[in-house]
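Examining the three-dimensional arrangement
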Amino acid sequence: MTPAVFAEFVLNGLVLGALYVLMALGLSIIFGMIGIINFAHGALFTLGAYAAFQVKDALGFPATLVVSPLLVGVLGMLIEATLLRRLYLQDPLQGLLLTFGLTMVLEQGIRMVWGRSPKPFDVPPAFAGALSLGPLTYSKYRGFILLAVVVLIVALTLFLQKTPVGTIVRAGSRDPMMVRLLGVSLRPVLTFVFGLGTAFAAIAGVLSAPLAGVQPAMGVNVGTAAFVVVTIGGLGSFWGAVISGLLVGQVVSLSIYFQPRAAEASMYILMAVILLLRPRGLMGERWEKFE
Amino acid sequence: MAQRRDVSTRLTRRTFLALATAGAAAEIHPLAFPAVVRAQEPIRIGQLIPFTGFLGAIGEYGKQGATLAVEELNERGGVLGRKIELITEDEANPGVAVQKARKLIEKDRVVAIEGLVSSASCLAVGDEVQRAKILMINAGANSDEIRSKRCHRYVFATEGCNTQYVSAIGNWLIRERKISRWYFLTSDYAFGHDLLRVARNLLTANKGTEVGSDLAPTGTTDFSQYITKMKAAKPDLVFHNLAGADVTNFLKQYAEAGMTLEVAGGVIDSAYAWPVGESLRGHFPIIWWHELATPASLAWAARYIKRWGRPPDNQAYGDYVAVHAIAQAIEKAKSTDSAKLVQALEGHTLTGTMDGLKGRPLTFRAWDHQLLQPMYVVAARDKSKWRDKWDIFEIVSEVPPRGESLETIAIPKAESQCQLEPLA
């Protein structure tokens, strides 16, 4: 393997990992705050891509990066406010079943609205073609994905660390009872967090759309990978999700080079090993409310 | 429901909902609620076709093609004076497909089953219909194995097999001297493995070299790593043995990575080539393309566009032919008994208004039940020459050419392992 080929593999892994990170961050903040594993995350990813497909001709690709997560985020908030909210005091399994059912409803809904055939979604003209970096040529659009994900991670960090709402989210994740005793209502925050998490799934969907075909089942594999990433990183951990997403991207990418037949299994093997060594995941901490 | 009707004639919310749903379903599914009150039971044909997963888009076309065939048959008075009714189920995966086949046979009492796209499902359902002694026509699964080692007396194929497809594209590649250093990318399931075997035979028989080969899981969304490997191996031609949505993703990303190497494939489904759009390139074998310039074919494509608002793909064609083949068998046998239908189809040449639309006689071989037919090599057409977004291919050759025997691209009898079972 020449250095240029190796560099390309690492870059490919980075892009794959970056999309996993977006998905996993959404899942992770939802789980941290609400304590529900959102099975519908993959379907919301798909919905994000379809929403972008619907508006891209009218508004252009850059606008879809805002409009699609906004639409899907609002849908997420509606789901929280009308359905999920009723289950907080019940067995956690109920939330799991509800989101699992939602997955099917959303996927089938997409089939009914847009049909079963994949939709064309070309790489936006501004990012078509390849960048030349010495001996390495690399797709401009994939470079753009990396950049976009970095910006989003920074923005989310700033939001959680520097804004009053972010502070409530962090505090509410660790000790909701105390937050309530301090006179802060968590209700709107829970709704907002679910919307934010689903908006992240939608952005991942929009970014994937020009690469993977826009089709009803496009979120299945990515959704599964996101669960693996969150489990490896540690449920509810922000940086755990980031590191684990990038790690899984590299493992999958490099195993395609060295052991192509094991590529599909590689992330699960990684998960098994990590769970044996650190049952709470890489950066998982002991959270009172989940013990 | 019955009790509710007795105690109250008032329209409750529940009954209203039930009625509204039934009404909506009837609108979507005209065949499920035939308007005509029938004196006789209709003849039911079962269709198994994928609506979900990485082959999901094909099913919609297959259903429309079969529906159109049924409508044509019913318009001219049905078959043996009875209406035809189509019952479509999702083949999903081999396990589910077998369950659905049982349901069609035992509950719906279908006289025959047609469809199938995944070779893995087709092999499983083939074993099942042979056990149940019900006629099945494979309209979409390509593995040679289905016609050779695991052929069955009750299973026929209107779909072409991998040998037919690869012979067609091989014919073009040999003529253009493109058989040299190849890289294979293959779907990791029954169809891909079988296609890889046939394509490898073609390559070695013509003294080419294999510089690399990868198996990719079905449903792969990111092909960038495989493309990087191809780039590093420097082949003259990339030959893909992929299916379904994987084809769309691979061809899109191939262009997006800036690859200029020649690409060809062992098969293409137009349903999955259309969404690739302007970045589509390469040469592929296809069983039928809506611009095929025979009068019957153009007329059918026009009827299809009028009925469904978009041109038919190759799977719509496949299921359309399969339903007509079943109808012709019933008419010829004057019976709906599967054993008689099998006898009627062995050596049968498609006739009358539905002769296969290819402008030459197409016949089911008696000894392996494969429909002999020509294939077409299509080339991706430059976007500047498109008339509309469906216009992505042009036919560059018909294989074998007119006047040559259709046997030349089929599996030779000497190489086939097919042993058909006795009828009873």
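Residues numbered from 1 in each chain as written. Chains lettered and ligands numbered in written order. Predicted model: local features only at pLDDT ≥ 70, side-chain atom pairs only at ≥ 80, totals over all residues.

1. Here we look at the overall build of chain A
Along its length, chain A carries eleven helices and two strands. Helices and strands in chain A line up, N terminus first, as α-α-α-α-β-β-α-α-α-α-α-α-α. Relative to the globule expectation of 19 Å for 291 residues, the C-alpha radius of gyration of chain A, 19 Å, shows essentially globular dimensions. (Helix = DSSP H or I, 4+ residues; strand = E, 2+ residues; numbered from the N terminus. Rg over C-alpha atoms; globule rule 2.2 N^0.38 Å.)

2. Focus on the interface of chain B and chain A
With 34 residues of chain B in contact, the opposing surface of chain A contributes 34 residues. Mapped by element, the contributors of at least two residues to the side of chain B that touches chain A are helix H3 (56-75), strand E7 (209-216), helix H8 (224-233), helix H9 (245-256) and helix H10 (270-273) of chain B. Here the side of chain B that touches chain A is built from residues that sort into twelve nonpolar, 15 polar and seven charged. (Contact = placed C-beta atoms within 7 Å. Nonpolar A, V, L, I, M, F, W, Y, C, P; charged D, E, K, R; others polar.)

3. Structural notes on the domain arrangement of chain B
How big an interface is tends to be expressed through the accessible area that disappears when the partners come together. Residue and element names in this part refer to chain B. Split into domains, chain B comes out as domain 1 (39-161 + 293-372) and domain 2 (163-292 + 375-409). Using only C-alpha atoms to locate each centre, domain 1 and domain 2 end up separated by 26 Å. Each side of the interface is counted separately: domain 1 has 28 residues, and domain 2 has 31 residues. Elements supplying a minimum of two residues to the side of domain 1 that touches domain 2: H3, helix H5 (119-132), helix H11 (295-308) and helix H12 (314-333). Counting residues per element, the side of domain 1 that touches domain 2 draws most heavily on H12, at four residues. (Domains from an automatic or database assignment.)

4. Topic: the packing of helix H2 (residues 41-59) of chain A against helix H9 (residues 219-233) of chain A
Residue and element names in this part refer to chain A. Put simply, H2 and H9 touch, their axes get as near as 8 Å, and they point 135 degrees apart. What the angle tells us is that H2 and H9 run oblique. Crossing of H2 over H9 shows right-handed handedness. Every residue of H9 that contacts H2 at His-41, Gly-42, Ala-43, Phe-45 and Thr-46 is listed here: Gly-219, Val-220, Val-222, Gly-223 and Ala-226. Each residue belonging to the contact of H2 with H9 can be placed in one class, and the counts come to five nonpolar, five polar and no charged. (Axes fitted to C-alpha atoms, helices over the stretch in contact; angles between N-to-C directions. Parallel < 35°, antiparallel > 145°, perpendicular 65-115°, else oblique. Left-handed = near helix turned anticlockwise from the far one by under 90°.)

5. Describing the environment of Thr186(B)
Residue and element names in this part refer to chain B. Along the chain, the position of Thr-186 falls in strand E6 (residues 181-187). It is 21 Å that separates the C-alpha atoms of Thr-186 and Gly-258, two residues lying 72 residues apart in sequence. In contact with Thr-186, not counting residues within four places along its chain, are Gly-192, Leu-196, Ser-213, Asp-214, Leu-215 and Asn-241.

6. As for the pairing of strand E10 (residues 283-286) of chain B
All names here are of chain B. Burial of the side chains of E10 extends over both faces: His-283 and Pro-285 are buried on one face and Phe-284 and Ile-286 on the other. Note: E10 against strand E13 (residues 375-380), four bridges, orientation antiparallel. Counterpart to Ile-286 in the pairing with E13 is Tyr-376. (Buried ≥ 20, exposed ≤ 12 C-beta atoms within 10 Å, placed from the backbone. Pairing = 2+ DSSP bridges.)

7. Notes on the nonpolar core
If you look at the biggest cluster of nonpolar residues, it comprises 220 residues, and the most contacted ones within it are Leu22(A), Met23(A) and Ala112(B). Domain assignment of the residues forming this core places at least three in each of domain 1 (39-161 + 293-372) and domain 2 (163-292 + 375-409) of chain B. Aside from chain neighbours lying at most four places away, what touches Leu22(A) is Val149(A), Leu152(A), Phe200(A), Ile203(A) and Ala204(A). (Core = buried A, V, L, I, M, F, W, Y, C linked by C-beta atoms within 7 Å.)

8. Here we look at the environment of Asp127(B)
Residues and elements named next belong to chain B. Within the secondary structure, Asp-127 sits in helix H5. For Asp-127, a count of 15 C-beta atoms within 10 Å corresponds to the partly exposed category. On a C-alpha basis, the gap between Asp-127 and His-152 in space is 7.6 Å, while along the polypeptide they are 25 residues apart.

9. Here we look at helix H6 (residues 164-174) of chain A
All names here are of chain A. Among the residues of H6, Ile-168, Val-169, Gly-172 and Ser-173 are the ones counted as buried. Down the axis of H6, the buried set is contained in an arc of 130 degrees. They therefore lie on one face. In the core, the buried residues of H6 are packed alongside helix H1 (3-34), helix H5 (140-162), helix H7 (176-181) and helix H8 (187-208). (Arc of directions from axis to C-beta.)

10. Some thoughts on the sheet that holds strand E5 (residues 155-157) of chain B
Residues and elements named next belong to chain B. One open sheet holds the five strands; their spatial order is E2-E1-E3-E4-E5, and the pairing between them is parallel. Looking at which strands have only one partner, the edges of the open sheet turn out to be strand E2 (84-90) and E5. Pairwise comparison of adjacent strand axes, ignoring direction, gives a mean angle of 25 degrees for this sheet. Here strand E1 (residues 43-49) runs beside strand E3 (residues 112-115); their pairing, made up of four bridges, is parallel. Note that in E3 the partner of Gln-47 across the bridge is Glu-114. Against the sheet, helix H4 (residues 94-106) engages E1, E2 and E3, with an angle of about 175 degrees to E1.

11. What about H4(B)?
An α-helix turns once per 3.6 residues; consequently, residues spaced three or four apart project the same way. Residues and elements named next belong to chain B. With 13 residues, H4 extends 18 Å from end C-alpha to end C-alpha; this agrees with the ideal 18 Å at 1.5 Å per step. Those residues of H4 that fall on the buried side of the exposure criterion are Ala-97, Lys-100, Ala-101, Leu-104 and Ile-105. Each buried residue of H4 lies within a common arc of 135 degrees when the element is viewed along its axis, so the set occupies one face. Away from the buried face of H4 by more than 90 degrees, exposed residues Gly-95 and Glu-106 are located. (Expected span 1.5 Å × (residues − 1).)

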